[in-house]
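# Structural characterization, general
Here is what each chain is made of, one letter per residue.
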Amino acid sequence: MRNYQPDKGEQELALSIERGEWKPVKNMAAEIKKYAEYAKNTLKKDQRISIRMSKQDFIGIQSKAIDEGILYQTLIASIVHKYINGKLVPQK
């Protein structure tokens, strides 16, 4: 670790902290509980679906999931979630 160089994101975070841009959270337990509830509701998977797709697309999804270290079903759910929330838009 002697030659470790922080990446750009880490450098920006360190500078932000040094500039005093971070403020303490007044009620940490309540904040953690609130965001845990958000995560629970976001990640709740209570509906099953069945879809048909080409074998080539399926293999592509599986490959991307392996690259990300997640299950292909999780990747598909994430893509759909991002699209529905406007965070994933088609390329022109």
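Heads up: these notes are all about the structure in this document. (Residues numbered from 1 in each chain as written. Predicted model: local features only at pLDDT ≥ 70, side-chain atom pairs only at ≥ 80, totals over all residues. Heavy atoms only, no water.)

This brings us to the pattern of salt bridges. The full count for this structure, using the stated rule, is 2 salt bridges. Between Glu21 and Arg19 there is a salt bridge, with its nearest N and O atoms 2.8 Å apart. Residue classification places Arg19 among the exposed positions, given a relative accessible area of 54%. (Salt bridge = Lys/Arg side-chain N within 4 Å of Asp/Glu carboxyl O. Buried < 20%, exposed > 50% of the residue type's maximum accessible area, 1.4 Å probe, protein only.)

Contact geometry of helix α3 (residues 55-68) with helix α4 (residues 72-84) gives a least axis separation of 8 Å together with a crossing angle of 100 degrees. Comparing their axes, α4 and α3 come out roughly perpendicular. Where α3 abuts α4, its residues Phe58, Ile61, Gln62, Lys64 and Ala65 lie against Tyr72, Leu75, Ile76 and Ile79. Here the residues of the contact of α3 with α4 sort into 7 nonpolar, 1 polar and 1 charged. (Axes fitted to C-alpha atoms, helices over the stretch in contact; angles between N-to-C directions. Helix = DSSP H or I, 4+ residues; strand = E, 2+ residues; numbered from the N terminus. Parallel < 35°, antiparallel > 145°, perpendicular 65-115°, else oblique. Contact = heavy atoms within 4.5 Å. Nonpolar A, V, L, I, M, F, W, Y, C, P; charged D, E, K, R; others polar.)

Following the sequence through the fold, Gly60 ends up in helix α3. Its relative accessible area of 32% is what places Gly60 among the partly exposed residues. C-alpha of Gly60 to C-alpha of Tyr72: the two residues are 12 residues apart in sequence and 9.7 Å apart in space.

Secondary-structure assignment places Ser16 in helix α1 (residues 8-18). If we skip the residues at most four places from it in the chain, Ser16 touches Glu21 and Trp22.

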